[in-house]
Amino acid sequence: MKLDIPTLSICLSCRDGREEFYMSRGGRRFAKKLLNKISLKKHFNLRGVNCMSNCKRACTISLTAKKSFTYVFGDIDPENSEYSESLIELVSRYSSSSEGFLRRRDRPLLFQSSILGRLPPIQCNSEIVTNLNNGFPDD
Ligand code: FES
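Residues numbered from 1 in each chain as written. Predicted model: local features only at pLDDT ≥ 70, side-chain atom pairs only at ≥ 80, totals over all residues.

(A) Expanded view of the sheet that holds strand β3 (residues 61-64). In spatial order, the strands read β2-β1-β3-β4-β5; together these 5 strands make up an open sheet with mixed pairing. Because the sheet does not close on itself, it has two edges, and the strands there are β2 (45-49) and β5 (115-119). When strand polarity is set aside, the average angle formed by the axes of neighbouring strands in this sheet is 15 degrees. Pairing geometry for β3 and strand β4 (residues 70-73), over 3 bridges, is antiparallel. Across the sheet, residue Leu 63 finds its bridge partner in β4, namely Tyr 71. (Pairing = 2+ DSSP bridges. Helix = DSSP H or I, 4+ residues; strand = E, 2+ residues; numbered from the N terminus. Axes fitted to C-alpha atoms, helices over the stretch in contact; angles between N-to-C directions.)

(B) Region of interest: the nonpolar core. Formed by 25 residues in total, the largest nonpolar core has its most connected members in Ile 10, Cys 11, Phe 30, Cys 59, Ile 61, Phe 73 and Ile 76. Secondary structure elements with two or more residues in this core: β1 (7-11), α2 (26-35), β3, β4 and α4 (81-96). When residues of this core are assigned to their parent elements, the largest contribution, 4 residues, is made by α4. (Core = buried A, V, L, I, M, F, W, Y, C linked by C-beta atoms within 7 Å. Buried ≥ 20, exposed ≤ 12 C-beta atoms within 10 Å, placed from the backbone.)

(C) Representation of unusual backbone geometry. Note that the residue after Ala 58, namely Cys 59, is joined by a cis bond; omega there is -5 degrees. Relative to the elements of secondary structure, Cys 59 occurs in the loop between β2 and β3. For Met 23, which is not glycine, the phi dihedral falls at a positive 60 degrees. On the basis of neighbour counts, which here come to 8 C-beta atoms within 10 Å, the residue Met 23 falls in the exposed class.

The analysis is restricted to geometry; functional conclusions fall outside its scope.
Following this line, the structure appears as structure tokens:
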């Protein structure tokens with residue numbers, strides 16, 4: 001795993017309700033579709049996770065990188081190729097932004113409403129983060 005590029009995690013256990021038809025879980029099918037896109041591999045590490053504790057809004061993915069914000073997305077439709085195509089744009093914008101910070105309008109359309117969480121890195125310069133170890137700065 002390369003540490004200088006983002007890591008995309010995909011929940012392999014996620015169900016999308018079409019398991020019987022495809023004989024495979026939705027998360028696993030989405031991962032396979034990404035693996036078939038050779039061009040994606042140079043942009044990020046890809047790893048599978050067995051349950052990311054977001055089962056009710058499957059399929060689930062997360063995007064993270066060293067010293068960068070971490071994002072969790074849900075409601076991914078593995079059979080909609082626009083998701084895999086938009087991912088490369090999402091990762092590109094993520095990689096070129098300061099600390100990986102992306103506002104809603106900075107993300108591709110499919111990844112605007114499907115966001116579940118945005119977590120800052122431990123060491124962070126973002127203005128949206130306030131260190132409260134010594135109380136509120138303006139108190
Ligand atoms: S099975 Fe995918 S988040 Fe739980």
